[in-house]
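# Coordinates in review
Here's the letter readout for the chains.
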Amino acid sequence: NAGVMQNPRHLVRRRGQEARLRCSPMKGHSHVYWYRQLPEEGLKFMVYLQKENIIDESGMPKERFSAEFPKEGPSILRIQQVVRGDSAAYFCASSPRQGAMNEKLFFGSGTQLSVL
Amino acid sequence: QQQVKQSPQSLIVQKGGISIINCAYENTAFDYFPWYQQFPGKGPALLIAIRPDVSEKKEGRFTISFNKSAKQFSLHIMDSQPGDSATYFCAATSGSRLTFGEGTQLTVNP
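These notes cover the structure that comes with them. (Residues numbered from 1 in each chain as written. Chains lettered and ligands numbered in written order. Predicted model: local features only at pLDDT ≥ 70, side-chain atom pairs only at ≥ 80, totals over all residues. Heavy atoms only, no water.)

Let's shift gears to the overall build of chain A. The helix and strand inventory of chain A stands at 0 helices and 11 strands. Helices and strands appear in chain A in the N-to-C order β-β-β-β-β-β-β-β-β-β-β. By the compact-globule yardstick of 13 Å for 116 residues, chain A fits well, its C-alpha radius of gyration being 13 Å. Once the C-alpha set of chain A is aligned to its principal axes, its extents read approximately 35 × 25 × 25 Å. (Helix = DSSP H or I, 4+ residues; strand = E, 2+ residues; numbered from the N terminus. Rg over C-alpha atoms; globule rule 2.2 N^0.38 Å.)

Structural data, given as C-alpha cells:
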C-alpha cells in the first residue's frame, strides 16, 4: 500500500511563473490537507479538501493560490505568478475520513519549491 | 489563540540521556495532541498522541506528559539514541485543523 505520493520532489520556478504541485493520497483516503513549511519553521495549514470539495481554505493566501481535488486524479496545489517568498516545502497529508484528526494523518515527502 | 508554542528550538543530548521537549497552548478547544517526528527530506510522521483527559501516555521510550490546567504538554525520550536525531513537532487539533509548534531539532551524540 503506497503512502502519500507527492511530485515533483523539487520544483524550480522563476518569478512570475506558475507552480503546480501534485498529491496522490493513500489508497482509500478521500481527504487531503496541504501544509507549507518555511525554513526553520513549523508546518502551517493551508487547505483541507475532500473529493471535489474545498472544506477549509482559511490558511491559504487569497491571491495566486488555489487547490483542487478532482473526482479522478491527484490533488493539485497551484501557485500563480510565484514570488521568492513562495519558496518553501509544501507537504500533503491524507486521512480516510473527514476531520479524522483522531487517526493518523499520513504525510507525503513534500515538494521543495525554489523560486529564482 | 491558534498558536502552539514549542521549546527548545534545538537540543543536544548524549546517547542514553533523556530528551525533553515542551509545548504550551492557549486554545481550550484543542482536543487532541500529537507529536510528529521529521527526518531531513521526509514528511512528518506521527510518533505518539494524547487526549486531554489523560495525564500521561507511554509508548516504548516515548512518553507524553499532559497538564490540562497549565495548558502544557511535553515529550520525553528515554535512553535517547543517535537514530532519534530528527526534528520533533508538537501539534494540537481543533476540528479539522492541525496546528503545529515551531519544531525542535534534536541531536543525540554517540
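Still more to cover.
Of the residues lining the interface, 18 residues belong to chain B; the matching set on chain A comes to 23 residues. Summing the contributions of chain B and of chain A, the shared interface buries around 1,700 Å²; its carbon and sulfur component is 50%. Across the pair A:Lys44 and B:Glu102 runs a salt bridge whose closest N-O atoms are separated by 3.3 Å. At the junction of chain B and chain A, the tally comes to 5 residue pairs in polar contact (both at pLDDT 80 or more). Listed by contribution, the elements that provide at least two residues to the side of chain B that touches chain A are β4 (33-38), β9 (86-94) and β10 (97-100) of chain B. (Contact = heavy atoms within 4.5 Å. Buried area = accessible area lost by both parts, 1.4 Å probe. Salt bridge = Lys/Arg side-chain N within 4 Å of Asp/Glu carboxyl O. Polar contact = N/O pair within 3.5 Å; in protein donor to acceptor, adjacent residues only side chain to side chain.)

Let us now look at the side chain of A:Ser94. Residue and element names in this part refer to chain A. Residue position: Ser-94 is located in strand β9 (residues 88-95). The buried category is assigned to Ser-94, whose relative accessible area is 0%. Polar side-chain contacts of Ser-94 include one of 2.7 Å to the side chain of His-29. (Buried < 20%, exposed > 50% of the residue type's maximum accessible area, 1.4 Å probe, protein only.)

Residue and element names in this part refer to chain B. Ordered by their spatial adjacency, 5 strands build an open sheet running β1-β3-β8-β7-β6, and the pairing between neighbours is antiparallel. Only two strands of the sheet have a single neighbouring strand rather than two, namely β1 (4-7) and β6 (56-59). With direction set aside, neighbouring strand axes in the sheet form an average angle of 15 degrees. (Pairing = 2+ DSSP bridges. Axes fitted to C-alpha atoms, helices over the stretch in contact; angles between N-to-C directions.)

Another aspect to go through is the pairing of strand β3 (residues 19-24) of chain A. Residue and element names in this part refer to chain A. Burial along β3 is one-sided: the residues Ala-19, Leu-21 and Cys-23 are buried and none of Arg-20, Arg-22 and Ser-24 is. Where strand β1 (residues 5-7) lies against β3, 3 bridges are found, and the strand directions are antiparallel. Across the sheet, Gln-6 pairs through a bridge with Cys-23, a residue of β3. Of the strand pairs in this sheet, β3 and strand β8 (residues 75-79) are connected by 5 bridges, and their pairing is antiparallel. Opposite Arg-22, over in β8, you have Ile-76 as the bridge partner.

Attention now moves to a nonpolar patch on the surface. Residues and elements named next belong to chain B. A cluster of nonpolar side chains, Ile-18, Ile-20 and Met-78, forms an exposed patch at the surface whose accessible area comes to about 240 Å². Locating Ile-20 in the fold gives a position in strand β3 (residues 19-25). By relative accessible area, Ile-20 is classed as partly exposed at 36%. (Patch = residues over 30% accessible without salt bridge, like charges linked within 9 Å, V, L, I, M, F, W, Y side chains within 5 Å. Areas by Shrake-Rupley, 256 points an atom, 1.4 Å probe, with all protein chains shown as cover.)

Ranked by size, the top nonpolar core spans 24 residues in total, and within it B:Phe33, B:Trp35, B:Phe73, B:Leu75 and B:Tyr88 carry the most contacts. Secondary structure elements with two or more residues in this core: β2 (10-14), β3, β4, β5 (45-50), β7 (62-67), β8 (72-77), β9 and β11 (104-109) of chain B. At 4 residues, the largest contribution of residues to this core is made by β9(B). Ignoring anything within four residues of it in the chain, the contact list for B:Phe33 reads B:Tyr25, B:Ile48, B:Ala49, B:Ile50, B:Pro52, B:Ile64, B:Phe66, B:Phe73, B:Ala91 and B:Ala92. Formed by 23 residues, the second largest nonpolar core is a distinct cluster that contains A:Cys23, A:Phe65, A:Ala88 and A:Val115. (Core = buried A, V, L, I, M, F, W, Y, C linked by side-chain atoms within 4.5 Å.)

The subject of this paragraph is the environment of A:Asp56. Within the secondary structure, A:Asp56 sits in strand β6 (residues 53-56). Separated by 58 residues in the primary sequence, A:Asp56 and A:Ser114 place their C-alpha atoms 26 Å from one another. Beyond its immediate chain neighbours, meaning those up to four positions away, A:Asp56 contacts A:Phe45, A:Met46, A:Val47, A:Tyr48, B:Ser96 and B:Arg97.

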